[in-house]
Amino acid sequence: MIDFHAHTPAHADDASPDAGSSYTPADFLAYMDEAGLETSVMLNYQGLLDGSPHSNDYVAEFVAHDPTRLIGFGTVNTRLPGAVAEVNRMMGDLGLRGMKLHPWLQGISVMEPAMDRVCEALVENRGILLSHDGTPPYAMATQLGALARRHPDLPVVLGHGGLLDFWREAIVAATETANVYVCLTSVNPFVGRMVVERAPHNKVLFGTDAGLDPSGNQNYALARVRELQGWGISEEDITRITETNPRRLLAEMQA
């Protein structure tokens, strides 16, 4: 099982109630073992708050503890002059596999021209863009769909499947745009079932939002994995969204 939406903790010297918790890679791997997770895509969380290159270094250090099971995504402040250089550094020197964007936290509209140069750099590095979605006004699935259409070679993952109110838009974006994927993170069972049934079957992923628990146990994320059996979807669907689809996307971008 692959979790496509988890978080590295805060830097050890920057820990705060707003920046996750300071658990170790060993703690997180132990949680993964309990949850039955083979792989977790670890998204830069601290970098969404401070936007420093140091945060990408930290993600790289974290996933280096077990690169066979932990895949790192960095982030950049897309408006800064050095944004493209940092994308190249995090994808090249640091070996990260993609970028996390959170327009609401970072105060960035995905419609800004600055996004294009960053997306072009991600394409050149065969990266994946995973963005928070479902929060107006700047993080809507239809806006991310428009961005994806400007960069057809860049996989764009809707990190929350539209959340609770905008899941229909997420389905439309994934249906109408070839390179848009939907990750079911922080949705309720009804929304999860609707997206699995109505979105393109090869473009739905699963995520837990693990990494925000104040302890290393990630109990809420463990519950997310276990509740899948109660979503009212088939075992074939569960395998598809937790194994087949994410494995294919990651393999395609690594080839």
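This section reports on the structure supplied with the text. (Residues numbered from 1 in each chain as written. Predicted model: local features only at pLDDT ≥ 70, side-chain atom pairs only at ≥ 80, totals over all residues. Heavy atoms only, no water.)

### A closer look at the pattern of salt bridges
Heads up, the condition is: Definition used for salt bridges: Asp or Glu carboxyl oxygen within 4 Å of a side-chain nitrogen of Lys or Arg. Only DSSP runs of H or I reaching four residues or more are called helices, and only runs of E reaching two or more are called strands; each is numbered from the N terminus. Only protein chains enter the accessibility calculation, which uses a 1.4 Å probe; a residue is then buried when its area is under 20% of its type maximum, exposed when over 50%, and partly exposed in between.
Scanning the entire structure with this criterion turns up eight salt bridges. Of the charged contacts in the structure, one is a salt bridge between Glu86 and Arg89, with a shortest N-O distance of 2.9 Å. In this pair, Glu86 and Arg89 both sit in helix α4 (residues 83–91), three residues apart, roughly one turn of the helix. Judged by its relative accessible area of 11%, Glu86 is buried. You can call Arg89 partly exposed: its relative accessible area is 23%. By sharing partners, the salt bridges in this structure join Asp57, Glu86 and Arg89 into a single network.

### What about the nonpolar core?
It is characteristic of soluble globular proteins that their nonpolar side chains tend to be buried jointly. This is how the line gets drawn: In this text, buried Ala, Val, Leu, Ile, Met, Phe, Trp, Tyr and Cys residues form a nonpolar core when linked through side-chain atoms within 4.5 Å. Only heavy atoms enter the contact rule, under which two residues are in contact if any of them lie within 4.5 Å.
Formed by 63 residues in total, the largest nonpolar core has its most connected members in Phe28, Tyr31, Val87, Met99, Leu129 and Val195. Apart from the residues lying within four places of it in its own chain, the contact partners of Tyr31 are Asp3, Leu37, Thr208, Ala210, Gly216, Asn217, Gln218, Ala221 and Leu222.

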